[in-house]
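Chains, contacts and geometry: an overview
The residues making up each chain are set out below.
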Amino acid sequence: MRHPRTVMSAVVGFGLAAALGTAPALASAAPVPASSATAPHVAYTSHSGSHESAAANKAFFEAVAKSVAEKRAAHPGVQSVTIVYSTANAPSFRTQIANSAQIWNSSVSNVQLQEGSNADFTYYEGDDPAGSYASTDGHGNGYIFLDYAQNQQYDSTRVTTHETGHVLGLPDDYSGPCSELMSGGGPGPSCTNPYPDANERNQVNYLWQNGFAAALSRSGS
């Protein structure tokens, strides 16, 4: 069970609990956002049931969809949506986060990631026995938590790019091959591929091109 500080309405993780390893030296890790004690908590790993996974993916997808719709309404006719992120609370992972943003920005055209203030989502770092995950409060606001130990056992850029994929609307697919980014920790620590495959790239472009409206209508929301 997660520490109460991390409970949000949807949690989408890398797929495996924290692994053995020594955390990087850091004076103090910034706490992740507090959340309501009554907020529903949907978390899962690669070993959890498909019903929980579907619920978590749907909640996160709908939250990001709301944010996309708001951005498109504010800037009608825009060719791509810019999502702003902050690395202030994850200083140990700035290189991996920058690499992750570059990977996504070069892979898709209808959404771009940019570091800055007034962020849409924030990266955090620290120790969590459940590993790394992406979380949202259901209103388009979210954060990505990067676990020290897991990022030592698994390729850190792959972990970061995978979790960022959730912010772009992609669900987990732990049974997928290493060539599929959203297979996360499913293929094991030997998998170091940090790039989304053609299907994942096309899915993100499709979703953001349409502001998620068409996809949402088919999701049963």
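Look up a bit, the structure's there.
Please read all numbers here as calculations on a predicted model, not as lab measurements. (Residues numbered from 1 in each chain as written. Predicted model: local features only at pLDDT ≥ 70, side-chain atom pairs only at ≥ 80, totals over all residues. Heavy atoms only, no water.)

**Here we look at the overall build of the protein**
When helices and strands are tallied, the protein shows six helices and six strands. When the elements of the protein are put in sequence order from the N terminus, they spell out β-α-β-α-β-β-β-β-α-α-α-α. Within the protein, the proportion of its 221 residues that are buried is 49%. Sequence separation of 24 or more characterises 71% of the internal contacts of the protein that already satisfy a separation of 6 or more. Total accessible area on the protein is roughly 9,700 Å²; 52% of this is exposed by carbon and sulfur atoms. (Helix = DSSP H or I, 4+ residues; strand = E, 2+ residues; numbered from the N terminus. Buried < 20%, exposed > 50% of the residue type's maximum accessible area, 1.4 Å probe, protein only. Contact = heavy atoms within 4.5 Å. Areas by Shrake-Rupley, 256 points an atom, 1.4 Å probe, with all protein chains shown as cover.)

**Quick notes on the pairing of strand β2 (residues 81–89)**
Two elements, β2 and strand β3 (residues 111–115), share five bridges in a ladder whose sense is parallel. When the sheet's bridge partners are listed, V84 is paired in β3 with Q114. Inspection of the sheet shows β2 paired to strand β4 (residues 121–126) by three bridges, in the parallel sense. Along β4, the bridge assignment pairs N89 with Y124. (Pairing = 2+ DSSP bridges.)

**Topic: helix α4 (residues 156–167)**
The first and last C-alpha atoms of α4 sit 17 Å apart over twelve residues, in line with the 16 Å expected at 1.5 Å per residue. Counting buried positions along α4 yields twelve of twelve residues, so the element is predominantly enclosed. Where α4 is concerned, the buried positions are S156, T157, R158, V159, T160, T161, H162, E163, T164, G165, H166 and V167. Once α4 finishes, G169 follows within two positions and takes phi at roughly 105°, a positive value. (Expected span 1.5 Å × (residues − 1).)

**Details of the side chain of D172**
Structurally, D172 is set in the loop between α4 and α5 (198–209). An unpaired buried charge is present at D172: no salt bridge exists, and R158, the closest side chain of opposite charge, is 8.9 Å distant. Within the structure, D172 has its side chain in polar contact with the side chain of Y174 (distance 3.0 Å). (Lys, Arg positive; Asp, Glu negative; His and termini not counted. Salt bridge = Lys/Arg side-chain N within 4 Å of Asp/Glu carboxyl O. Polar contact = N/O pair within 3.5 Å; in protein donor to acceptor, adjacent residues only side chain to side chain.)

**Overview of α5**
The first and last C-alpha atoms of α5 sit 16 Å apart over twelve residues, in line with the 16 Å expected at 1.5 Å per residue. Turning to α5, its buried residues number three or more, namely E200, V204, N205, L207 and W208. All buried residues of α5 lie within an arc of 165° about the axis, which places them on one face of the element. Exposed residues pointing more than 90 degrees away from the buried face of α5 are listed as N199, N202 and Q209. The N-cap of α5, judged by a side-chain oxygen 3.2 Å from the amide nitrogen of N199 a few residues on, is D197. (Arc of directions from axis to C-beta.)

**Digging into the nonpolar core**
One finds W104, L113, F121, Y123, V204 and W208 to be the most contacted residues of the largest nonpolar core, which totals 27 residues. Of all the secondary-structure elements, those providing two or more residues to this core are β2, α2 (94–107), β3, β4, β6 (142–147), α4 and α5. Apart from the residues lying within four places of it in its own chain, the contact partners of W104 are L113, T161, T164, G165, L168, L170, L181, P196 and V204. (Core = buried A, V, L, I, M, F, W, Y, C linked by side-chain atoms within 4.5 Å.)

**Overview of the packing of aromatic side chains**
As enumerated under the stated definition, the model contains seven aromatic pairs in all. Plain terms: the ring middles of Y85 and F121 are 6.1 Å apart, the flat faces sit at 35° to each other, and that makes the pair tilted. Residue Y85 is located in strand β2, and its partner F121 is located in strand β4; the two are separated by 36 residues in the primary sequence. In terms of burial, Y85 and F121 fall into one category: buried. Arranged with centres 6.2 Å apart and planes meeting at 15°, the rings of F93 and Y148 form a pair that is stacked. Placement of F93 in the loop between β2 and α2 and of Y148 in helix α3 (residues 148–153) is noted, with a sequence separation of 55 residues between them. The pair formed by F93 and Y148 is uniform in burial state, with each residue classed as buried. These aromatic residues form a ring-pair network of at least three members: Y124, Y133, Y143 and F145. (Phe/Tyr/Trp six-rings, centres within 6.5 Å; stacked < 30°, edge-to-face > 60°.)

**As for the environment of N118**
Assignment of secondary structure puts N118 in the loop between β3 and β4. A C-alpha to C-alpha distance of 8.2 Å links N118 and Y85, two positions 33 residues apart in sequence.

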